[in-house]
Amino acid sequence: MPQASTAPRTRWTNWAGNQSARPAKVVTPGTAEELAKEILRAAEQGRTVKAVGSGHSFTSIASAGDGVLVRPYAMTAVREIDRAAGTVTVEAGLPLARLNRLLAAAGLSLTNMGDIEVQTVAGATSTGTHGTGRDSGSLAAQIRALEIVLADGSVHRCSPTENPRLFQGARLGLGALGVITALTLAVEPAFLLTAHEQPMRFDEVLDRLDDLTAVNEHFEFYWFPHTDRCSTKRNNRSQGPAAPLPRFREWLEDDFLSNTVWEGACRVGRRFPRSVPAIASLASRAWSDRSYTDTAYRVFTSPRKVRFVEMEYAVPREAAAGVLRELRALIERSDWRISFPVEVRFAPADDLWLSTAGGRDTAYIAVHLYRGTADQGYFTEVERLMTAHRGRPHWGKLHTRDAGYLREVYPHFAEFTALRDELDPRRVFGNDYLRRVLGA
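Starting from 1, residues in each chain are numbered consecutively following that chain's sequence as written. Under the rules for a predicted model, residues below a pLDDT of 70 receive no local features and side-chain atom pairs below 80 are neither given nor counted, while totals for whole chains, interfaces and linings still include all residues. Side-chain calculation: all heavy atoms of the structure are included, whereas hydrogens and water are not.

## Things to note about the nonpolar core
This is how the line gets drawn: Nine residue types can take part in a nonpolar core, namely buried Ala, Val, Leu, Ile, Met, Phe, Trp, Tyr and Cys, and a core is a set of them joined through side-chain atoms within 4.5 Å. We call a residue buried when its accessible area falls under 20% of the maximum for its residue type, exposed when it is over 50%, and partly exposed in between, using a 1.4 Å probe and counting protein chains only. Contacts between residues were defined by any pair of non-hydrogen atoms, one from each residue, lying within 4.5 Å.
Counting residues in hydrophobic clusters, the biggest one holds 59 residues, and the most contacted among them are L99 and W395. Filtering out sequence-adjacent residues up to four positions away, W395 remains in contact with T59, I61, T127, L172, L174, L354, L406, Y410, Y433 and V437. Counting 49 residues, the second largest nonpolar core, distinct from the first, contains I279, Y313, V315 and F379.

## Observations regarding helix α2 (residues 96–105)
Turn by turn, an α-helix covers 3.6 residues, leaving residues three or four places apart pointing in a common direction. Put simply, the rule reads: Helix numbering and strand numbering both begin at the N terminus, where a helix is a DSSP run of H or I of at least 4 residues and a strand a DSSP run of E of at least 2. For this quantity, the arc is that covered by the directions from the helix axis to the C-beta atoms.
Of all the positions in α2, only L96, L99, N100 and L103 are classed as buried. For α2, the angular spread of buried residues about the axis comes to 100°, placing them on one side. Among the structural elements, β7 (87–91), β8 (108–109), α3 (121–126), β11 (179–186) and α9 (296–300) are those in contact with the buried residues of α2. Remark: G107 follows α2 within two positions and exhibits a positive phi of approximately 75°.

## Concerning the pattern of salt bridges
Note the cut-off: In the sections that follow, a salt bridge refers to a side-chain nitrogen of Lys or Arg positioned within 4 Å of a carboxyl oxygen of Asp or Glu.
A full pass over the atoms with the stated rule returns 30 salt bridges. Here D115 ties to R304 by a salt bridge, and the two come within 4.0 Å at their closest N and O atoms. In this pair, D115 sits in the loop between β8 and α3 while R304 sits in the loop between α9 and β17 (308–316), placing the two residues 189 residues apart along the sequence. On the basis of relative accessibility, which here comes to 31%, the residue R304 falls in the partly exposed class. Salt-bridge contacts for R384 lead to E381; the nearest nitrogen and oxygen are separated by 2.4 Å. Taken as a pair, R384 and E381 lie in helix α11 (residues 378–388) at a separation of three residues, close to a single helical turn. Judged by its relative accessible area of 27%, E381 is partly exposed. Shared partners join several salt bridges into a network, and the residues in it are E310, E312, E343, R345 and K397.

## Things to note about the confidence of the model for the protein chain
Parts of the model with low pLDDT should not have their predicted coordinates read in detail. Definition in use: Each residue carries a pLDDT score, the predictor's own confidence in it, on a scale running from 0 to 100.
The predicted model of the protein chain has a mean per-residue pLDDT of 94, with 98% of residues at 70 or higher. Scored below 50 in pLDDT, residues 1–7 makes 12 contacts in the model with residues more than four places away or belonging to other chains.

Pasting the structure below:
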């Protein structure tokens, strides 16, 4: 049976600490059937239902308000590994970190993933979590089937051939159509990646952008505002042998320097904003040229312990260089002091209705602020720049767009909202965020 929290109004807070709620009830169902009973009970009481994973979204997309908060901790099983079909079926609450290691032990791997692995599988796919790739897209684009509980308590399995319309909407459904309880993801034999990380000048990266994204399977870069320096990352498949970073060097560079030391630098910058350009200059020089070969998920992902808030927009791939030059000019003529680097990644077009890469090759441009840092208009002006290029905001990252804007930049927006009207007319799965981005 689902276990309800005995403490009334337990406070929920997301990872960044910028979103919180006090739901009326917290439940931890162990099966789709137990979840269905909770959904029906909440609907009868006029309450909403929201599932929340690791809380790694910066928006209030998973906030239950004063409704029922579903924790997926009891739904973490691996249901099936089908080597012939090249798929794995897992329950929704399984963290990506555990999935990666379970797959590696079975000699398998996801094709692509983001740069962190703390999210639950359903949370990551439902918000459009992505990495960078020339040929491979987001985690949601790798879904081959899923199981979902709808507002009427019914449990449905869907795929391209079974309930295909539901499948098309639910693969990246923002939690607006129902609560996902299991997903079937495409997998392939485990592979090695060779990572080459190299400092480059800002103008050189943009001048060579077409070549860098065409030649490399996975290319991304970080630009340090107040400098002309970038750190570039090129990840490509390798026949081996594996040559991972020595454990001490990995800890020193990817944990101690990138987290512990960086946290201290960010605190100094927050306290003394005038020091930020000097800190940025030092930080950009600390990123050295290095190469290593390791298991794919160990190359794709990195520990991220410094807490921040983030805005990310997806712009047409062909607009990327121009947008980034405009962004640099915007920062240079402002009084802002930006301590966090700007992150730039890429993805091919896909066919998901609400995917930020839906129907167009895409560049992702992400800006960050260390927690507690005053915005002073940075996110507002960046958003104005991105929307001038028909940018699409990441569903789990900060933005102010509403249904009126989003309807114009998503060709299948009306199809998704029509499906939502059919499946959840009473908005059992609604909240303030979904009312803003999808409409009432």
